[in-house]
Amino acid sequence: MKPPAFEYLAPVSLEAAVAALSNEDAKVLAGGQSLVPMMNFRLLAPSLLVDISRIPDLAYITEDGDGLRIGAMTRHHAVEMSDVVRQRFPVLHAAMAHVAHLAIRNRGTIGGSLCHGDPAAEWPGLVLLLNAQLKTTKRTIPAGDFYHGALATDLADDEILIEIQFPGLAPGTGWGFEEMARRSGDFALAAVAATICLSDDRATEVRIVVIGAHATPLRLTAAEGLLTDHVSIGAAADAAMQEISPDSDLHASADYRRHLVGVLTKRALAAAWKRAA
Amino acid sequence: MIKLTVNGTMYERAVEPRMLLADFLRHELGLTGTHVGCEQGVCGACTVILNGDSVRSCLCFAVQVDGGRIETVESLGTVDNLDPLQAAFQEHHALQCGFCTPGMLMTGVDLLRKYPLATDQEIREGLSGNLCRCTGYENVVKAIRSAVEAGYGD
């Protein structure tokens, strides 16, 4: 279908954008790869779209100590092609292959994906996995506090996400990212991402995040604890299956999703262990 | 008023904010080579190249691309003088009804410019956002493979 009528503004400063967002039913338009389909479906009818793509200096990938700062308007494809991302956060590079299709990655932005907050999207899980900080026009929010539910974030109506800050990973951190979707580029039925630090062949720090199995991305802390307590990857995968309560929908039943999370956790942890040094 | 360059020609038009880029190309400029299938970013038929990157023209408002440079399927070749990728599609019988073809071609151009496409798996993944209901994709992959081998976009 065609989208409903709306007013359009393309301010060239964050201040002007924030001011425009005080209008009732105003929405931020970044890459539009989630917003425009929802408008075409008439699921959303904002009265005003505030296009932030004309604001300078919101798209960048900058080294910051061992970490990275990435501007919210950075397109998925720029992350996919970035050498510094590949060197410092290979898990981000690997995950980009699962973000929709090239034409969507060319246009869609990290900030847009994070603020849309689809439970099956990759970025919300990745910022939680990597303990990122989300800098807005008002404050800095830890990734773990950003989501209230499916498609619901902590952002105020007139608050704009401007930067994602990724702290450096400890040297030798291993990683794994495993996703299952019905079709290449489609939303994940479930995905599991993991990082592991080893010392004397024992896991000292483990982070495991699942997407697609809950309203928000979820850290699997019980499974993480089993690995740092030196129990097996298999036991951690079993624990992962017990930690989630997925829904059934037309794509997969809850039982299938739970099974999938067990398998993906096992694979992600095995890959992370193997890559850890 | 928006001003944009389409296939090398500059256009200036007044448009409603809600006009999708796909409809702008078809209805305002008469460039009906860009096809509109699903209007939700899934089928890929409306794919065009914006400032060097393939995009879904159904997920983009014309006002957003003010000042931009667009290439549509009409930029590729003519009936008498096909672009090498179009010739490869013809050679390999990579189309039947042709509805998806403009999107397949513009996606193919962007894939050929950006990725080595060393394996058929890469080509398949690259095309996974373009739906075809006739060919079973096999011949589209063959056409793009032959374009890779002929050094298209090098």
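What you see is a predicted model, and the numbers here were worked out from it, not measured in a lab. (Residues numbered from 1 in each chain as written. Chains lettered and ligands numbered in written order. Predicted model: local features only at pLDDT ≥ 70, side-chain atom pairs only at ≥ 80, totals over all residues. Heavy atoms only, no water.)

Student: So what exactly am I meant to see when it comes to the domain arrangement of chain B here?
Tutor: Accessible area lost during the coming together of the parts is what is often quoted as the interface size. Residues and elements named next belong to chain B. As assigned here, chain B comprises domain 1 (2-72) and domain 2 (84-149). Using only C-alpha atoms to locate each centre, domain 1 and domain 2 end up separated by 21 Å. Contact residues are listed per partner, giving 17 residues for domain 1 and 13 residues for domain 2. When domain 1 packs against domain 2, the two sides together hide about 1,100 Å² of surface, and 52% of this comes from carbon and sulfur. The interface formed by domain 1 and domain 2 includes two salt bridges. With a shortest N-O distance of 2.4 Å, Lys 114 and Asp 53 are connected by a salt bridge. For the pair domain 1 and domain 2, the number of links is seven residue pairs in polar contact (both at pLDDT 80 or more). For the side of domain 1 that touches domain 2, the elements supplying multiple residues, two or more each, are β3 (47-50) and β4 (53-56). Tallied by class, residues from the side of domain 1 that touches domain 2 come to six nonpolar, eight polar and three charged. (Domains from an automatic or database assignment. Contact = heavy atoms within 4.5 Å. Buried area = accessible area lost by both parts, 1.4 Å probe. Salt bridge = Lys/Arg side-chain N within 4 Å of Asp/Glu carboxyl O. Polar contact = N/O pair within 3.5 Å; in protein donor to acceptor, adjacent residues only side chain to side chain. Helix = DSSP H or I, 4+ residues; strand = E, 2+ residues; numbered from the N terminus. Nonpolar A, V, L, I, M, F, W, Y, C, P; charged D, E, K, R; others polar.)

Student: Teacher, can you tell me more about the domain arrangement of chain A here?
Tutor: All names here are of chain A. Along its sequence, chain A is carved into domain 1 (7-54), domain 2 (61-166) and domain 3 (176-275). Measuring from the centre of the C-alpha atoms in domain 1 to the corresponding centre in domain 2 gives 19 Å. Each partner contributes residues to the interface: domain 1 has 12 residues there, and domain 2 has 14 residues. Carbon and sulfur atoms supply 77% of the area buried between domain 1 and domain 2, which totals about 1,100 Å² over both sides. Between the two partners, domain 1 and domain 2, sit zero residue pairs in polar contact (both at pLDDT 80 or more). It is helix α1 (residues 14-20) that contributes the most residues to the side of domain 1 that touches domain 2, three residues altogether.

Student: What is the right way to read the packing of aromatic side chains from this model?
Tutor: All names here are of chain A. With the rule as written, the count across this model stands at four aromatic pairs over all chains. Judged by centre distance (6.5 Å) and plane angle (50 degrees), the rings of Trp 123 and Phe 166 are tilted. With Trp 123 in helix α8 (residues 122-129) and Phe 166 in strand β10 (residues 161-166), this pair connects stretches of sequence that are 43 residues apart. Where Phe 146 meets Tyr 147, the ring centres are 5.1 Å apart and the plane angle is 85 degrees; that geometry is what we call edge-to-face. Across the pair, exposure class does not vary: Phe 146 and Tyr 147 are buried alike. Each member of the aromatic cluster is reached from another via a ring pair, and the members are Phe 89, Trp 123 and Phe 166. Between the NZ or CZ atom of Arg 275 and the centre of the ring of Trp 175, over which it lies, the distance is 3.7 Å. (Phe/Tyr/Trp six-rings, centres within 6.5 Å; stacked < 30°, edge-to-face > 60°. Buried < 20%, exposed > 50% of the residue type's maximum accessible area, 1.4 Å probe, protein only. Lys NZ or Arg CZ within 6 Å of the ring centre and 35° of its normal.)

Student: Looking at this structure, I do not really get the interface of chain B and chain A. What am I missing?
Tutor: Facing 27 residues of chain B, the contacting portion of chain A comprises 32 residues. Each partner contributes to the roughly 2,500 Å² buried at the junction of chain B and chain A, and carbon and sulfur atoms together form 54% of this total. When the buried area of chain B at its contact with chain A is split by residue, B:Arg18, B:Leu59 and B:Gln64 rank highest and sum to 25% of it. Summed over the shared surface of chain B and chain A, the result is two salt bridges. With a shortest N-O distance of 2.3 Å, B:Glu39 and A:Lys2 are connected by a salt bridge. Element by element, the count of residues in the side of chain B that touches chain A is highest for β4(B), at four residues.

Student: Is there a simple way to explain the side chain of A:Glu80 in this structure?
Tutor: Positionally, A:Glu80 belongs in helix α3 (residues 76-81). Residue A:Glu80 is classed as buried on the basis of its relative accessible area, which comes to 9%. Within the local environment of A:Glu80, its side chain forms a polar contact with the side chain of A:His77, the two groups lying 3.0 Å apart. A polar contact of 2.8 Å, which involves the side chain of A:Glu80, links it to the side chain of A:Arg105. If near-sequence neighbours (up to four positions away) are discounted, A:Glu80 is found in contact with A:His93, A:Met96, A:Arg105 and B:Tyr115.

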